[in-house]
Amino acid sequence: MQSTAKQLCTEASWPPAEGQIITFKSSNGFETNILKEVRWGLVWRDFILEDGRVIPEHRISGCPERHVWRKISEVSDIEREECEGRLLAMAAVGMDPRKRDESFWAELNQYLAYTYLRFKPASLEQK
């Protein structure tokens, strides 16, 4: 396994493969861990680590400068409703949405970004 900090990542080799050791920015500085899964959220990719933490793509070392976000029109009503259901279930069992790098935090941030982009005035669209 090769750390993303030690390899030259290009858009062609992005995202890292499952099982790879990745380096990411955390509240404690830079850390490394084994990548378990890469999953698209409502807006961006989340990287799920072996220890269960969920790291957004932009915090992964070697991430291309140009972040890839989904177009809101690509998100189906079913995907949105499933996200809302997961948020409701996590709230119902008393999970703390303030714990960074946890699934509740990740889902909530994806949903907030999706909602903002969905209702953003057309005058703020990038040209």
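Residues numbered from 1 in each chain as written. Predicted model: local features only at pLDDT ≥ 70, side-chain atom pairs only at ≥ 80, totals over all residues. Heavy atoms only, no water.

Our next topic: the packing of aromatic side chains. Applying the stated criterion across every chain yields a total of three aromatic pairs. Ring centres of tryptophan 44 and tryptophan 69 lie 5.4 Å apart, and the angle between their planes is 40°; this geometry places the pair in the tilted category. You can see tryptophan 44 sitting in the loop between β2 (29–40) and β3 (45–49) and its partner tryptophan 69 sitting in the loop between β4 (54–56) and α1 (77–92), a full 25 residues away along the chain. Using a relative accessible area of 11% as the deciding quantity, one classes tryptophan 44 as buried. Residue class for tryptophan 69 comes out partly exposed when judged on its relative accessible area of 47%. (Phe/Tyr/Trp six-rings, centres within 6.5 Å; stacked < 30°, edge-to-face > 60°. Helix = DSSP H or I, 4+ residues; strand = E, 2+ residues; numbered from the N terminus. Buried < 20%, exposed > 50% of the residue type's maximum accessible area, 1.4 Å probe, protein only.)

On to the confidence of the model for the chain, then. For the chain, mean pLDDT is 88; residues scoring 70 or higher make up 86% of the total. Here residues 1–9 scores under 50 on pLDDT; set against residues more than four positions off or in separate chains, the count is 19 contacts. (pLDDT = per-residue confidence, 0-100. Contact = heavy atoms within 4.5 Å.)

Take the nonpolar core next. Counting residues in hydrophobic clusters, the biggest one holds eleven residues: Leu42, Val43, Trp44, Val75, Cys83, Leu87, Met90, Phe104, Ala113, Tyr114 and Leu117. Only α1 and α2 (103–119) provide two or more residues apiece to this core. Ranked by residues supplied to this core, first place goes to α2 with four residues. Apart from the residues within four sequence positions on either side, tryptophan 44 is in contact with Arg39, Pro56, Glu57, Val68, Trp69, Asn109, Gln110 and Ala113. Membership of the second largest hydrophobic core comes to nine residues, among which are Ile22, Leu35, Phe47 and Leu49. (Core = buried A, V, L, I, M, F, W, Y, C linked by side-chain atoms within 4.5 Å.)

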